[in-house]
Amino acid sequence: MEGCFLRFYLHENQRCHGKLAWEWLLDQANKLGIRGGTAFHAMAGFGHHHHLMEDHFFELAGNLAVEVEFIVTEAESAKLLDILHREKVRVFYAHIPARFGVVNPESDDPPENGGSAS
């Protein structure tokens, strides 16, 4: 299938509607029927302020990034980005073209190429 790799960078303590933003984002994607998503906790990094942060400094708890990523169709990407716009969630993201599929799919896996078998 053709689609995109959609990656979001959130602060680990960022909240949206009373939940941690990364949890809220995964919930929204799940409600849309997106097949899967993953959240990763950063060990170290820097952002637009160029200040290096590492997770072993107790005083920096909550300042590191959580990366949330999805491999989705363009339509799914548009729906998820629309939710973020509507909810006014400020988030940095990357949208990268991707070809994806399943090697040795099971019978209930969605067909590739938008509905036609390859």
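Computed from a predicted model, the values in this text were never measured in an experiment.

Visitor: I tried to follow helix 1 (residues 21-32) on my own but got confused; where do I start?
Guide: Three- or four-residue spacings in an α-helix give side chains the same orientation, since the helix completes a turn every 3.6 residues. Over its twelve residues, helix 1 extends 16 Å from the first C-alpha to the last, a length consistent with the 16 Å expected when each residue adds 1.5 Å. Along helix 1, the positions that sit buried rather than exposed are Ala21, Trp24, Leu25, Gln28 and Ala29. Each buried residue of helix 1 lies within a common arc of 135 degrees when the element is viewed along its axis, so the set occupies one face. Along helix 1, exposed side chains directed more than 90 degrees from the buried face belong to Asn30 and Lys31. Those residues of helix 1 hidden inside the fold are in contact with strand 1 (2-11), strand 2 (15-16), strand 3 (19-20), strand 7 (65-72) and helix 2 (74-86). The positive-phi residue at the C-terminal boundary of helix 1 is Gly33, with phi of around 90 degrees.

Visitor: Can you walk me through unusual backbone geometry in this structure?
Guide: Comment: phi is negative for the bulk of residues other than glycine, and the bulk of peptide bonds are trans. For Lys88, which is not glycine, the phi torsion reads 55 degrees and is therefore positive. On the secondary structure map, Lys88 appears in the loop between helix 2 and strand 8 (92-99). Within the chain, Asn104 stands out as a residue other than glycine whose phi angle is a positive 55 degrees. Note that Asn104 resides in the segment after strand 8. The class of Asn104 is exposed, set by a relative accessible area of 69%.

Criteria and thresholds
- Residues numbered from 1 in each chain as written.
- Predicted model: local features only at pLDDT ≥ 70, side-chain atom pairs only at ≥ 80, totals over all residues.
- Heavy atoms only, no water.
- Helix = DSSP H or I, 4+ residues; strand = E, 2+ residues; numbered from the N terminus.
- Expected span 1.5 Å × (residues − 1).
- Buried < 20%, exposed > 50% of the residue type's maximum accessible area, 1.4 Å probe, protein only.
- Arc of directions from axis to C-beta.
- Contact = heavy atoms within 4.5 Å.

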